[in-house]
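# Reading the structure
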Amino acid sequence: MADDLATQSLLREALQALQRGQLPQARQACERALSAAPQSFDGWRILAMILHALGQQDEFGDALQKAHALKPHDATTALDYGSVLLQQGQATAAQPLLRLAMDKLPQDARAAFRYGTASFLLDEFDEAAIGFEAATARQPDWVEAWNNLAATQGKLQAYPVAIAAARTALRLRPDDATTNRALSALLSNQFEPSVLQEGLAFADRALQLQPDFAAAHRDAAILARKLHLHARALQSARRAFELAPGDPPTVDALGEQLIEMDQAGAAAAVYATTLADADAPPMLQRQYGVALLHDRQAHLACEALTTALARDPTDQRAIAYLGAALAADGRLQQAIERLGLQRNVHAVDLPVPAGFADATAFHAALAEDIRRHSQQRWEPVGLAARQAYLSGDLLVDRTTAILGLEQRLREAIAHFISERRAEVAQATDDVFLRNIPERYRLHVWATQAAAQGYIDTHLHEDSWLSGAYYVQLPAAVSKDDPEHAGWIEFGRPFARLPQWPEQALRRVCPQVGTLLLFPSYLFHRTLPYRGEGERISISFDLAAVP
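Residues numbered from 1 in each chain as written. Predicted model: local features only at pLDDT ≥ 70, side-chain atom pairs only at ≥ 80, totals over all residues. Heavy atoms only, no water.

## Observations concerning the overall build of the protein
Counting its secondary structure elements, the protein contains 22 helices and 10 strands. Across its three principal directions, the C-alpha atoms of the protein cover 100 × 60 × 50 Å. Within the protein, the proportion of its 546 residues that are buried is 53%. Here the contacts in the protein between residues at least 6 apart in sequence split such that 65% fall between residues at least 24 apart. Split by element, the accessible area of the protein, about 24400 Å² in all, is 51% carbon and sulfur. Between the centroid of the 51 positive side chains of the protein and the centroid of its 65 negative side chains there is a distance of 1 Å. (Helix = DSSP H or I, 4+ residues; strand = E, 2+ residues; numbered from the N terminus. Buried < 20%, exposed > 50% of the residue type's maximum accessible area, 1.4 Å probe, protein only. Contact = heavy atoms within 4.5 Å. Areas by Shrake-Rupley, 256 points an atom, 1.4 Å probe, with all protein chains shown as cover. Lys, Arg positive; Asp, Glu negative; His and termini not counted. Charge placed at Lys NZ, Arg CZ, Asp CG, Glu CD.)

## Quick word on the packing of helix H14 (residues 230–243) against helix H15 (residues 248–260)
One way to put it is that H14 packs onto H15 with a least axis distance of 9 Å and a crossing angle of 150 degrees. Our classification of the angle between H14 and H15 gives roughly antiparallel. Our pair here, H14 against H15, has a crossing hand that is left-handed. Only Thr250, Val251, Ala253, Leu254, Gln257, Leu258 and Glu260 of H15 make contact with H14, whose side of the interface consists of His230, Ala233, Leu234, Ala237, Arg238, Ala240 and Phe241. Taken together, the residues of the contact of H14 with H15 sort by class into 9 nonpolar, 3 polar and 2 charged. (Axes fitted to C-alpha atoms, helices over the stretch in contact; angles between N-to-C directions. Parallel < 35°, antiparallel > 145°, perpendicular 65-115°, else oblique. Left-handed = near helix turned anticlockwise from the far one by under 90°. Nonpolar A, V, L, I, M, F, W, Y, C, P; charged D, E, K, R; others polar.)

## Regarding the side chain of glutamine 285
With respect to the helices and strands, the residue glutamine 285 is situated in helix H17 (residues 282–294). At a separation of 3.4 Å, a polar atom in the side chain of glutamine 285 contacts the main-chain carbonyl oxygen of alanine 304. In this structure, glutamine 285 is in contact with Leu275, Ala304, Thr307 and Ala308, ignoring residues within four places of it in sequence. (Polar contact = N/O pair within 3.5 Å; in protein donor to acceptor, adjacent residues only side chain to side chain.)

## Here we look at helix H19 (residues 316–328)
Across its 13 residues, H19 extends 19 Å between first and last C-alpha, which sits within 8% of the 18 Å expected from 1.5 Å per residue. Where H19 is concerned, the buried positions are Gln316, Arg317, Ala318, Ile319, Ala320, Tyr321, Leu322, Gly323, Ala324, Ala325, Leu326 and Ala327. Along its buried surface, H19 packs onto H15, H17, helix H18 (298–311) and helix H20 (332–339). Structurally, the start of H19 carries an N-cap: the backbone nitrogen of arginine 317 is 3.1 Å from a side-chain oxygen of aspartate 315. Residue glycine 330 follows H19 closely and has a positive phi angle near 85 degrees. (Expected span 1.5 Å × (residues − 1).)

## Structural notes on the pattern of salt bridges
Counted under the stated rule, the structure contains 38 salt bridges. A salt bridge links arginine 420 to glutamate 419; the nearest nitrogen and oxygen atoms lie 3.7 Å apart. Here arginine 420 falls in the buried class, since its relative accessible area comes to 5%. A residue is classified by how much of its surface remains accessible, and glutamate 419, at 36% relative accessible area, is partly exposed. Here the salt bridges do not stand alone but share partners, grouping Glu368, Asp369, Arg371, Arg372 and Glu534 into one network. (Salt bridge = Lys/Arg side-chain N within 4 Å of Asp/Glu carboxyl O.)

## A word on helix H8 (residues 125–138)
With 14 residues, H8 should cover 20 Å at 1.5 Å per step; its first-to-last C-alpha distance of 20 Å lies within 8% of that length. Every buried residue of H8 is accounted for by Phe125, Ala128, Ala129, Gly131, Phe132, Ala134, Ala135 and Thr136. Elements that come into contact with the buried residues of H8 comprise helix H6 (91–104), helix H7 (109–121) and helix H9 (143–155).

## Let's talk about the nonpolar core
One broad rule of soluble globular proteins: the nonpolar side chains tend to lie buried together. Counting residues in hydrophobic clusters, the biggest one holds 84 residues, and the most contacted among them are Leu366, Tyr469, Trp500, Ile538 and Phe540. Among the elements that take part in this core, H19 stands out by supplying 9 residues, more than any other. Counting residues in each nonpolar core, the second largest holds 63 residues, with Trp44, Ala111, Tyr159 and Leu186 among its members. (Core = buried A, V, L, I, M, F, W, Y, C linked by side-chain atoms within 4.5 Å.)

## Notes on the packing of H9 against helix H10 (residues 159–172)
One can describe the packing of H9 onto H10 by two numbers: an axis separation of 8 Å at closest approach and a directional angle of 160 degrees. With respect to each other, H9 and H10 are oriented roughly antiparallel. Here H9 runs over H10; the crossing is left-handed. Contacts between H9 and H10 involve Val143, Trp146, Asn147, Leu149, Ala150, Gln153 and Gly154 from the first element and Tyr159, Val161, Ala162, Ala165, Ala166, Thr168, Ala169 and Leu172 from the second. Its residues assigned to classes, the contact of H9 with H10 shows 11 nonpolar, 4 polar and no charged.

## Here's the deal with the environment of leucine 105
As for its placement among the helices and strands, leucine 105 is situated in the loop between H6 and H7. Looking at leucine 105, the relative accessible area reads 21%, which means it is partly exposed. Separated by 139 residues in the primary sequence, leucine 105 and alanine 244 place their C-alpha atoms 41 Å from one another. Setting aside chain neighbours within four positions, we find leucine 105 in contact with Ala75, Thr76, Leu79 and Arg138.

## Topic: the environment of arginine 371
By secondary structure assignment, the location of arginine 371 is in helix H21 (residues 359–371). Of the residues examined, arginine 371 reaches a relative accessible area of 30% and is grouped as partly exposed. Sequence-wise, arginine 371 and leucine 305 are 66 residues apart; in three dimensions their C-alpha atoms are separated by 41 Å. Residue contacts for arginine 371: discarding those within four places in its chain leaves Gln376, Gln448, Gln472, Glu534 and Ile536.

## Observations regarding unusual backbone geometry
You will see that histidine 228, though not glycine, has its phi angle at about 65 degrees, which is positive. Take histidine 228: it is sitting in the loop between helix H13 (214–226) and H14. Taking relative accessible area as the criterion, histidine 228 reaches 60% and is therefore assigned exposed. One non-glycine residue, arginine 296, lies in the positive phi region at around 65 degrees. Tracing the sequence through the fold places arginine 296 in the loop between H17 and H18.

## Description of the sheet that holds strand E6 (residues 488–490)
Ordered in space as E7-E6-E9, the 3 strands form an open sheet in which the pairing is antiparallel. A strand with exactly one partner marks an edge of an open sheet, and here the two such strands are strand E7 (506–508) and strand E9 (524–526). Recorded for the sheet is a direction-independent mean angle of 20 degrees between the axes of neighbouring strands. Relative to E7, E6 runs antiparallel, the two sharing 3 bridges. Looking at E7, one finds that glutamate 489 is bridged to arginine 507. (Pairing = 2+ DSSP bridges.)

Set out below in structure tokens:
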């Protein structure tokens, strides 16, 4: 008891000295207390406060670690220790501590913000959103929390939520260049011309406030390109590159614009200068290969794209373009085999969901839900739909038919992945099978087209598996049609690239109730048709998540 009283007396002495600013005396008294009672939680907490005041950050962290070990469920200690770890770049170690602090300190916006930050650094964007949402709820005027929430939701491709958060940040700080630019970047992912024009206006506002803002110049270039303002886009991209020549997204903005303006050789030169840096990301190596292929340098393109894939074997765009480059280099059969054009396209019949009398009733209800969908848009800018409607996220409308489709789709995907896993041991060199994700996120949308409507050539570069399910087809779509009207075609690259021979393409006649599953890297398109009736289909992307 006497020892406890002596320890408490020393700790009171240490606190009083700390309050008076007598830091050496405070440290001495606290260390004497801990020498007598090394398991004193209060002693380590007080010592941490003293060390922080002294600027001894390493020792500060050590003291917090000891305090946390003694009381692992103390929320304030978890917050302080987690914050130190986060500052030291140890996001993995910091994250559970900050989650504890966020949960146990429901009024503390800092705990939620820092949990969001740790999760964002770990690419766990769902968790990051939880943290930043809590931070904005706890401190609604915190601009940085709103900006980070917007960025996180953007990573999740939840653009309506992200844009709403960015607009809130802008209302709180309207004359901030960074906040204006953040909103312009999010709007650049949209598809309506009026929204893209609004995004360009926000980029311009950011540049009025900060003329040398490289990221805002880059956003302006991307938005102007989508609006077909190519002279403006090139001017903005060049200025962004002047200001940030080593920034990969900025390099790519200039390279993409030069390719768009049929200056592929100049684009290749831009990418090549950046690749001299050993830390250049694989994406730029891939884009260098893409530029070379556009410049009809197929052999060099093969080399560049092979190098890119060696560094990032999951890059769907690199896989697609390497196939096109191999074909252009006279190695068509190698390209076909590498892509698995014949073996990796699968047809699956989906069972009718519960609650529907038969397939006809189900498809009639599903077709009507698609026609009335809340996010239905006509020929959105920047996407492959031509003379057709395209929905946003189909699953946001939770109708009986859409819910039934989602259930059957997820069941089919789970079964498909299970089957593919069983094949991996026998096909280790298959670029599709070797990239099967452990965890994934699903994005589903619908297309509604009448005569002459179609989906132009594209690929799904941000996912691993894609699919198309057929809800309604016009009479013109027939297995016996030599013109393949309304069919889906695999293998044909973009029109401005070297083309494959017609006999090397794979065309599939769609059927109502059938789900086609295929690698996301395959170039594909649908063919237009003539006559009455609609072609209504549902597509999805399955993307890996960390």
